[in-house]
Amino acid sequence: MNSGYVELTIFPTVVNLNRIKLNSKQCRIYRVRVNELEAPFIYNDPTLEVCHHESKQRNLNYFSSAYTAAVSAVDPDAGHGELVIKVPSELWKQGDDLKVLKVYIEFSLDQPKGGLHFVVPDVEGSMAERGAHVFSFGYQNSTRFWFPCVDSYSELCTWKLEFTVDASMVAVSCGDLVETIYTHDMRKKTFHYVLPIPTAAPNISLAVGPFEILVDPYMHEVTHFCLPQLLPLLKHSMSYLHEIFEFYEEILTCRYPYACFKTVFVDEAYVQVSSYASMSIFSTNMLHSAMIIDQTPQTRRCLAQALAQQFFGCFISRMSWADEWVLKGISGYIYGLYLKKTFGVNEYRHWIKEELDKIVDYELKMGGVLLHPTFSGGKEKDNPTPHLHFSIKHPHTLSWEYYKMFQCKAHLVMRLIENRISMEFMLQVFNKLLSLASTASSQKYQSHMWSQMLLSTHAFLKSISNVSGKDIGPLIKQWVDQSSVVKFFGSFAFNRKRNVLELEIRQDYTSSGTQKYVGPIKVTVQELDGSFNHTLQIEENSLKHDIPCHSKSRRNKKKKIPLMNGEEVDMDLSAMDADSPLLWIRIDPDMSILRKVEFEQADFMWQYQLRYERDVVAQEEAISALEKFPTPASRLALTDILEQEQCFYKVRMQACFCLAKIANAMVSTWQGPPAMKSLFTRMFCCKSCPNIVKTNNFISFQSYFLQKFSDNYYRADLIEALTNSLTPAISINNEVRTVDNLNADVRLILEEITRFLNMEKLLPSFRNTITVSCLRAIRQLQKNGHIPSDPSLFKSYAEYGQFVDVRIAALEALVDYTRVERSSAELQWLLNLVQNDPTHYVRHKILGVLCKNPPFTKTTDSALCNEALVDQLWKLMNSGTSNDWRLRCDAVNLYYTLFGLTRPSCLPLPELGLVLNLKEKKAVLNPTIKPELGVSTVLDTPASIGIHGVGMNPISLGVCGVGQPPQGLKRKAETPLGSPPEPGQVLQQQDDDGRGGRFKIRFNTMEDEDIDMETVHDSQAFIHQHLNLLERPSTPGKHAQIHACTNTHMHVCVTITSAGGSLTPTRSHWSIPRTKFQGRNRAMWCTQCSAMRNALTCTLERLSSHYTSAWHNTGGPRPQARTQQSTSTSRRRGTPLMTTRCAF
């Protein structure tokens, strides 16, 4: 158990501050004090279970609305939180005088399911010897999972953190390590960190483990941490980090903003790289030796990304979620500049094309990515992206795939801005932002100063206008305020008489994910006399454009033809049209528009473009186009480019695959030896003995990547090539395939695969690349019918304990097996793994693979589609993934892929098809049947509630006093009829009619001006407030959370124990009833009374005999809260810092 203590110093900025709202998930709150006075509080988490006990409601529209409302109810940017503290009335005057308030919170964290991840290898030895470690993780605003805080990127504060761990462990956190103090028995030690730079809580992290430490030899302020026995790999992998520092500081003309930087490499990482203030957490799989070439560029890229986010993302934070695109765009943009310098212009342009293709494909498929969403009223009907099955109002409701595309589009838009204002002005803007933030960070708390460290879209655009003097409003409106991309279709004709190129450019702006483009577009025309750029204006109705040619026909050609880069080359012009001077045409060669271009030109023009155009993007476009022209001329052009050593290696690799496709398409007309074999022999084999492959001398990295002659990668590719050479088996008389009747070639391949698999167990390759290829090969053999389909092998390799890449490969094979064989058993096995696997990344990947390769879809019929599966997936996304935002959104994606937005067709109709509205005297369809785009009724959501007050009655209201056991309790999944009232419902006796045993239910909503903190409250109130009164202030001090809690002093004392056991916590539950009513004047069919009547009255009658014992069975022994404090902590309480002390 982790016991903790948090201290916050709050500077009120508004009067009438009577409530303080903080974020906290999973934490059991024991005690809260404000300025040494006991303070009552409410803990309520509506996201634990989004749609509580909605047994008949299974459509995704309903869930998305409810989930968005639940997240909004605890959104710190909107002034909300899971933990609501009532400021004692004795301190109200102090708050009105805007004097400092100090909040002290005692809490514990027992077996967390999110926020902190424990890795305890199942081997012998002590925790340190086993390499046991723990680290914080999460996606967007996840610090609330491991201590109470203001979990917002827009709330900055200074920090002091203390962590007490075993003597054999090292605690790594944000800021400068001030001192390390051992206990008297020398069994534990406390690490004291101070972060004087104002930082948002989501940018705070922690890692504890038996790390080996390496001080960077080039920059002593940089420290690296890795798990035991990995120090040699760490030294090599981090040997070039100082170069990345130097590059960023040079282009930004600004020093790294923190006094230190720490890199921590952990196992079972949530993502490859996570950036926090002054430290980053990486996956240990990124470490590599000098022998591994393939991993080197990937590791360097991850380091460059992490360091770019230190400047923009950690040091400079965002003002709101709507401004996230600015920080992701800037960090991605400067990361791209590093790629250009380190890996070259060709690699950079190839990366830009890859990113552009990804965002275009995604937007055309899903309907658009909006960078800067605006919400007029905050209601679902104002959703700016109705084409999506999730809300983009909060990062916690986003699909992970959407968020990756969001980041991709953000940096591409930054590149468009650079094209408009120039790189020089762009870097000046970044320098100005960093300079203002650096000045503000050195100041003591002043609200107007620290705001310079928060970046908004408006401030960013204003800086661009001030620095460059240019108006980029139309560009922002086109690509930031709107979603979707542009889709062009191009064709041309040459008018010989006028010597004019007649170019036609059409747009498709009616399809999903497309928009109309009006503005300039660049067209490059390569003629006999040179390459010429033309800027055309795309108007509303203009389609055709006349471009005058500078050259005559080839009868008047020069001997050599000049190219765009100034080079002059000889060309064989026999293939071109004798009357045309045009060699090739390119539309938008600089990729200055987010677009997809489908251009029609003759095959010889694509061949000329491939051979003689020096831009890698043009060459890759030509290769893609030549797949449609399987001719000897195309074959020759691809062969020529393959043999050019000066050509970019990724272009040559793409040409290899294109040549293979063309050879397969020309199988009936192919002449000569096999295309790829003859090339390989000529390029990589000994001349005296063509059957012997030459060793790779590694002088040229381009040759290495083309040949891939590193042992493990080379063998892995050979296995993949062997598998791809097989065609589907032909079955005669439905004969059963066995090992005995295998084809001779298939038998040889299978024996080779088996030998490699066995060798891997004795001599594992780097990242088990050979095992991964073998598993994929076996699945391919099964799909082609050469060997019987059997999932048992893949299950064994997918178990926890295998290397993560092997597990993912095995899981992909299992998902494919499930789809092909329609196996309900394997689907259930996969879903059980999603619920129970210890590794968050693997759980995420399973759902992602199931979405990409689903066992069935909403448009197909399948025996797998049944009510049990619907219930299982609904419970998974409704309550089973409440501690991992990303995983919950993955479950939503899978539910949408399988069942769509509406009620699944496999479910039976509900008992009631119509609902009578007595007030309006009409019948409407039951909302559990028809899809709902909005939710106007009170939504039922779960709560984990523990209310502590002073001098309250714990029997009648279910409230425990300060000295009583805490009630951090949750509801049961299934609730019997006649159970006690729900949290949030207060039974009040009606004395006016003189009848005993009659009560009415009153919902205590958070919208009341004078909230009753001595009454149990439920998420019902939070949801109701969001749906109907989102913009109304909860109290006159509505913005106490956002504007009053601008500086925080936190003291967290956490005791962590890990025995290597299960991380699944045991939970107590509340027994609660369900009240099925849609409104005060609405009647429904009562299943208990079998009559149409007012369900509210019926429910109360069933509850009347049970209310007196509503809160008697919720108690439990209260753990002893730690109250001891170190002397150093007591001395520092007067400083405006955030303090954390944890014991491990």
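Residues numbered from 1 in each chain as written. Predicted model: local features only at pLDDT ≥ 70, side-chain atom pairs only at ≥ 80, totals over all residues. Heavy atoms only, no water.

**Student:** Looking at this model, I keep getting lost on the overall build of the protein chain. Mind explaining?
**Tutor:** A count of helices and strands for the protein chain gives 31 helices and 42 strands. Every one of the 1144 residues in the protein chain was classed for burial, and the buried ones make up 57%. Summed over its atoms, the accessible surface of the protein chain is roughly 47,400 Å², and 52% of this surface lies on carbon and sulfur atoms. (Helix = DSSP H or I, 4+ residues; strand = E, 2+ residues; numbered from the N terminus. Buried < 20%, exposed > 50% of the residue type's maximum accessible area, 1.4 Å probe, protein only. Areas by Shrake-Rupley, 256 points an atom, 1.4 Å probe, with all protein chains shown as cover.)

**Student:** I would appreciate a short explanation of the packing of aromatic side chains in the present structure.
**Tutor:** For any pair of aromatic rings, the description rests on two quantities: the centre-to-centre distance and the angle between the ring planes. This model, assessed by the stated rule, comprises 43 aromatic pairs. Between the aromatic rings of W146 and F147, the centroid separation amounts to 4.8 Å while the plane-to-plane angle is 90°, which identifies the pairing as edge-to-face. Here W146 and F147 have matching classes, each one buried. Both rings, one in W479 and one in Y517, keep their centres 6.5 Å apart while their planes meet at 25°; by these two values the pair is stacked. Residue W479 is located in helix α12 (residues 473-479), and its partner Y517 is located in the loop between β23 (500-507) and β24 (519-527); the two are separated by 38 residues in the primary sequence. (Phe/Tyr/Trp six-rings, centres within 6.5 Å; stacked < 30°, edge-to-face > 60°.)

**Student:** When you look at the nonpolar core in this model, what are you seeing that I'm missing?
**Tutor:** Grouped burial of nonpolar side chains is what soluble globular proteins tend to show. By size, the foremost hydrophobic cluster in this structure holds 291 residues, and its most contacted members are I85, Y248, F312, W325, I417, F430 and F460. No other element matches the 13 residues that helix α8 (residues 400-421) contributes to this core. (Core = buried A, V, L, I, M, F, W, Y, C linked by side-chain atoms within 4.5 Å.)

**Student:** I'm lost on the environment of S789 in this one. Help?
**Tutor:** Residue position: S789 is located in the loop between α21 (769-783) and α22 (792-798). Exposure remark for S789: the relative accessible area of 29% places this residue in the partly exposed category. Sequence separation of S789 and Y817 is 28 residues, and the distance between their C-alpha atoms is 7.8 Å. Apart from the residues lying within four places of it in its own chain, the contact partners of S789 are R779, Q782, Y817 and E821. Side-chain polar atoms of S789 contact the side chain of E821, separated by 3.5 Å. (Contact = heavy atoms within 4.5 Å. Polar contact = N/O pair within 3.5 Å; in protein donor to acceptor, adjacent residues only side chain to side chain.)

**Student:** Could you clarify how one ought to interpret the sheet that holds strand β17 (residues 261-266) in this entry?
**Tutor:** In a beta sheet, neighbouring strands are held together by backbone hydrogen bonds and run either parallel or antiparallel to one another. If you trace the five strands from one edge of the open sheet to the other, you get β15-β16-β17-β19-β18, paired in mixed fashion. The sheet is open, and its two edges are formed by β15 (212-215) and β18 (273-276), each paired on a single side. Here the average twist between neighbouring strands, direction ignored, is 15°. Across four bridges, β15 lies against strand β16 (residues 222-226) in antiparallel orientation. Across the sheet, residue E212 finds its bridge partner in β16, namely C226. Sitting on the sheet, helix α5 (residues 295-311) is in contact with β17, β18 and β19 (279-283), with an inclination near 20° to β18. (Pairing = 2+ DSSP bridges. Axes fitted to C-alpha atoms, helices over the stretch in contact; angles between N-to-C directions.)

**Student:** Looking at this structure, I do not really get the pairing of strand β10 (residues 156-166). What am I missing?
**Tutor:** Every other side chain in a regular strand lies on the same face of the sheet, so the side chains alternate between the two faces. By the criterion of burial, β10 is predominantly enclosed, with ten of the eleven residues buried. Relative to strand β13 (residues 188-200), β10 is paired through ten bridges, and the arrangement is antiparallel. Across the sheet, K160 pairs through a bridge with V194, a residue of β13.

**Student:** Honestly, the confidence of the model for the protein chain in this entry has me stumped. Any pointers?
**Tutor:** Residue-level pLDDT values for the protein chain average 80, and 76% of them are 70 or greater. For residues 930-1144, every residue scores under 50 in pLDDT, and the model assigns this stretch 572 contacts once sequence neighbours within four places are set aside. (pLDDT = per-residue confidence, 0-100.)

**Student:** What's the story with the environment of M605 in this structure? I'm lost.
**Tutor:** The residue M605 is located in helix α13 (residues 603-612) in this model. The class for M605 is buried, based on a relative accessible area of 2%. As for M605 and I585, which are separated by 20 residues in sequence, their C-alpha atoms are 8.1 Å apart. Those residues in contact with M605 that sit more than four places away from it in its chain are F492, L582, L583, W584 and I585.

**Student:** So what exactly am I meant to see when it comes to the packing of α21 against helix α23 (residues 804-821) here?
**Tutor:** Two numbers describe a pair of packed helices, the interaxial angle and the distance between the axes. Here α21 crosses α23 at 10°, and the two axes come no closer than 8 Å. By the angle class used here, α21 and α23 are roughly parallel. In this structure, α21 uses T771, V772, L775, R776, R779 and K783 to contact α23, whose residues at the interface are D805, V806, A809, A810, E812, A813, D816, Y817, R819 and V820. Considered class by class, the residues forming the contact of α21 with α23 number eight nonpolar, one polar and seven charged. (Parallel < 35°, antiparallel > 145°, perpendicular 65-115°, else oblique. Nonpolar A, V, L, I, M, F, W, Y, C, P; charged D, E, K, R; others polar.)

**Student:** For this particular structure, what's the right way to read the environment of T860?
**Tutor:** With respect to the helices, strands and loops of the structure, T860 is situated in the loop between α25 (840-852) and α26 (867-880). In the structure, T860 is positioned 38 residues away from L898 in sequence and 9.1 Å away in space, judged by C-alpha atoms. Engagement of the side chain of T860 in a polar contact is seen with the backbone nitrogen of T857, the distance being 3.0 Å.

**Student:** Would you mind going over the side chain of Q478 with me for this structure?
**Tutor:** Residue placement: Q478 occurs in helix α12. For Q478, a relative accessible area of 12% corresponds to the buried category. Reaching out from Q478, the side chain makes a polar contact with the side chain of Q515 at a distance of 2.6 Å. With near-sequence residues (within four places) excluded, Q478 lies in contact with Q515, K516, Y517 and V518.

**Student:** Quick question: what am I supposed to make of the sheet that holds β24 here?
**Tutor:** Read from one edge to the other, the open sheet built from three strands follows the order β25-β24-β29, with strand pairing classed as antiparallel. Both edges of this open sheet fall to β25 (530-538) and β29 (582-587), since each of them pairs with a single strand only. In this sheet, neighbouring strand axes are inclined to one another by 20° on average, regardless of whether the strands run parallel or antiparallel.

**Student:** For this particular structure, what's the right way to read unusual backbone geometry?
**Tutor:** Leave glycine aside and you will find that most residues have negative phi; peptide bonds, for their part, are mostly trans. Even without being glycine, N16 reaches a positive phi, approximately 60°. By secondary structure assignment, the location of N16 is in the loop between β1 (2-10) and β2 (19-22). Classification of N16 as partly exposed rests on a relative accessible area of 28%. The phi angle at Q229 is positive, at roughly 75°, despite the residue not being glycine.

**Student:** Just checking my understanding: could you explain the side chain of D837 for this structure?
**Tutor:** Looking at where D837 falls in the secondary structure, it is placed in the loop between α24 (824-836) and α25. According to the relative accessible area criterion, D837 is buried, its value standing at 5%. Within the local environment of D837, its side chain forms a polar contact with the side chain of R807, the two groups lying 2.4 Å apart. Of note is the side chain of D837, whose polar atom sits 2.9 Å from the backbone nitrogen of T839. With residues up to four places along the chain from it excluded, the contact list for D837 reads Y800, R807, V842 and R843.

**Student:** Explain the pairing of β2 to me, please; I cannot follow it from the model alone.
**Tutor:** Along β2, one buried face is formed by R19 and K21 and the opposite face, lined by I20 and L22, is buried too. Direction of pairing for β2 relative to strand β6 (residues 83-86): antiparallel, over a ladder of four bridges. Residue pairing in the sheet places I20 in a bridge with I85 of β6.

**Student:** So what exactly am I meant to see when it comes to helix α17 (residues 675-684) here?
**Tutor:** Because an α-helix completes one turn every 3.6 residues, residues spaced three or four positions apart along the sequence face the same direction. The set of residues buried in α17 consists of A675, L679 and F684. One side of α17 carries all its buried residues, which in axial view fall inside an arc of 105°. Turned more than 90 degrees away from the buried face of α17 sit K677 and R682, all of them exposed. (Arc of directions from axis to C-beta.)

**Student:** How should helix α16 (residues 649-665) be read in this particular structure?
**Tutor:** The end-to-end C-alpha separation of α16 is 25 Å, in line with the 24 Å expected for 17 residues at 1.5 Å each. Restricting attention to buried positions, one finds in α16 the residues Y649, V651, R652, A655, C658, L659, I662 and A663. In a view along the axis of α16, the buried residues occupy a sector of 170°, so they form one face of it. Exposed side chains of α16 directed beyond 90 degrees from the buried face belong to F657 and N664. (Expected span 1.5 Å × (residues − 1).)

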